[in-house]
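Here are the chains, one letter per residue:
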Amino acid sequence: RMAASDNVLERMGNLLAEGWNECKPWSEFIAEFKPPSNLDERVRTNLMYYRGNYCVVTLGFVFFSLCIHPPSLLAFIFSALGIYALLSTKIEQSPGHEISPSQKLAGSIPVAILVIVSAGATFWILYGALIGLLISLMHMVFRSRTLKSRWSVIFEDFKK
């Protein structure tokens, strides 16, 4: 039986494999903006083609919003370091039975969330994510599609 945290880790790996970690050149990302003629197609094409850039923009705004409130930034850093330390440490449940990474993750995430919430970082994380998503949505709507982005979407559809 697959643990829920294993499932989450597998899905995150699948997202990265689908191109969410690949950024297009920033000069191309900000090249040309026009009012949309076909909104659905433009948003779909731009989302598929620039998805890595949208992740960077959104995470950049989250990081910036955490920098505005230093206690939130510290809580976020300590939580991330705590999760990393726990995942990289060998812990035995009983002699000869090591705790799996998914069990470590399942135990450390609630503690990290508690630290982040108690530091007041939730507001700042959500605020940065909202601003990043709104800017990404505006880009999806107003960034005109290129021939390269259209072919990329057709290729993505063909792979499925």
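Note that this is a predicted model, so its numbers are computed, not measured.

A. Broad picture of the overall build of the protein chain. Check the secondary structure of the protein chain and you find eight helices and two strands. Taken from N to C terminus, the helices and strands of the protein chain fall in the order α-α-α-α-α-β-β-α-α-α. Within the protein chain, buried positions represent 28% of all 160 residues. Carbon and sulfur atoms provide 71% of the accessible area of the protein chain, an area that totals close to 10,700 Å².

B. Seen up close, the side chain of Arg143. If you trace the backbone, Arg143 turns up in the loop between helix 7 (121-142) and helix 8 (147-159). In this structure, Arg143 is buried with no salt-bridge partner, the nearest side chain bearing the opposite charge being Glu32 at 5.0 Å. A distance of 2.7 Å separates the side chain of Arg143 from the backbone oxygen of Glu28, its partner in a polar contact. If we skip the residues at most four places from it in the chain, Arg143 touches Glu28, Phe29, Ala31, Glu32, Phe33, Arg42, Asn46 and Tyr50.

C. Highlighting the environment of Leu73. Residue placement: Leu73 occurs in helix 5 (residues 70-88). The exposure class of Leu73 is buried, given its relative accessible area of 19%. Linking Leu73 and Ile116, residues 43 residues apart in sequence, is a C-alpha distance of 9.1 Å.

D. Main features of a nonpolar patch on the surface. On the surface, a nonpolar cluster with roughly 430 Å² of combined accessible area is contributed by Ile30, Phe33, Met138 and Phe142. Secondary-structure assignment places Ile30 in the loop between helix 2 (26-29) and helix 3 (39-49).

E. Focus on the environment of Ser88. Considering the arrangement of structural elements, one finds Ser88 in helix 5. Taking the relative accessible area as the measure of exposure, Ser88 reaches 51% and is therefore exposed. Separated by 13 residues in sequence, Ser88 and Pro101 place their C-alpha atoms 8.6 Å apart. Of the polar contacts made by the side chain of Ser88, one reaches the backbone oxygen of Ala85; its length is 3.3 Å.

F. Molecular detail of the packing of helix 3 against helix 7. Contact geometry for helix 3 and helix 7: axes closest at 7 Å, N-to-C directions at 120 degrees. Compared by their axis directions, helix 3 and helix 7 come out oblique. The chirality of how helix 3 crosses helix 7 is right-handed. Contact with helix 3, carried on its side by Leu39, Arg42, Val43, Asn46 and Leu47, involves His139, Met140, Val141 and Phe142 of helix 7 and no other residues of that element. Here the residues of the contact of helix 3 with helix 7 are counted per class, giving six nonpolar, two polar and one charged.

G. The arrangement of the side chain of His139 in detail. With respect to the helices and strands, the residue His139 is situated in helix 7. Apart from the residues within four sequence positions on either side, His139 is in contact with Phe29, Phe33, Asn46, Tyr50 and Tyr54.

H. Molecular detail of the nonpolar core. Core analysis: the largest hydrophobic core is formed by seven residues, namely Val62, Leu66, Leu73, Ile116, Ala121, Trp124 and Ala129. Only helix 4 (51-68) and helix 7 provide two or more residues apiece to this core. At three residues, helix 7 tops the list of elements feeding residues into this core. For Ile116, the contacting residues outside a window of four places in its chain are Ala75, Phe76, Ser79, Ala121, Thr122 and Ile125. Residues Phe29, Tyr49, Val57 and Met140 belong to the second largest nonpolar core, which totals six residues.

I. The arrangement of the packing of aromatic side chains in detail. Under the counting rule described, the total for this entry stands at eight aromatic pairs. On the basis of an interplanar angle of 15 degrees and a centroid distance of 5.8 Å, the ring pair of Phe123 and Tyr127 is categorised as stacked. With Phe123 and Tyr127 both in helix 7, this residue pair falls four residues apart, about one helical turn. Phe123 gets classed as exposed once you look at its relative accessible area, which sits at 52%.

Criteria and cut-off values
Residues numbered from 1 in each chain as written. Predicted model: local features only at pLDDT ≥ 70, side-chain atom pairs only at ≥ 80, totals over all residues. Heavy atoms only, no water. Helix = DSSP H or I, 4+ residues; strand = E, 2+ residues; numbered from the N terminus. Buried < 20%, exposed > 50% of the residue type's maximum accessible area, 1.4 Å probe, protein only. Areas by Shrake-Rupley, 256 points an atom, 1.4 Å probe, with all protein chains shown as cover. Lys, Arg positive; Asp, Glu negative; His and termini not counted. Salt bridge = Lys/Arg side-chain N within 4 Å of Asp/Glu carboxyl O. Polar contact = N/O pair within 3.5 Å; in protein donor to acceptor, adjacent residues only side chain to side chain. Contact = heavy atoms within 4.5 Å. Patch = residues over 30% accessible without salt bridge, like charges linked within 9 Å, V, L, I, M, F, W, Y side chains within 5 Å. Axes fitted to C-alpha atoms, helices over the stretch in contact; angles between N-to-C directions. Parallel < 35°, antiparallel > 145°, perpendicular 65-115°, else oblique. Left-handed = near helix turned anticlockwise from the far one by under 90°. Nonpolar A, V, L, I, M, F, W, Y, C, P; charged D, E, K, R; others polar. Core = buried A, V, L, I, M, F, W, Y, C linked by side-chain atoms within 4.5 Å. Phe/Tyr/Trp six-rings, centres within 6.5 Å; stacked < 30°, edge-to-face > 60°.

Taken by themselves, the reported measurements are silent on function.
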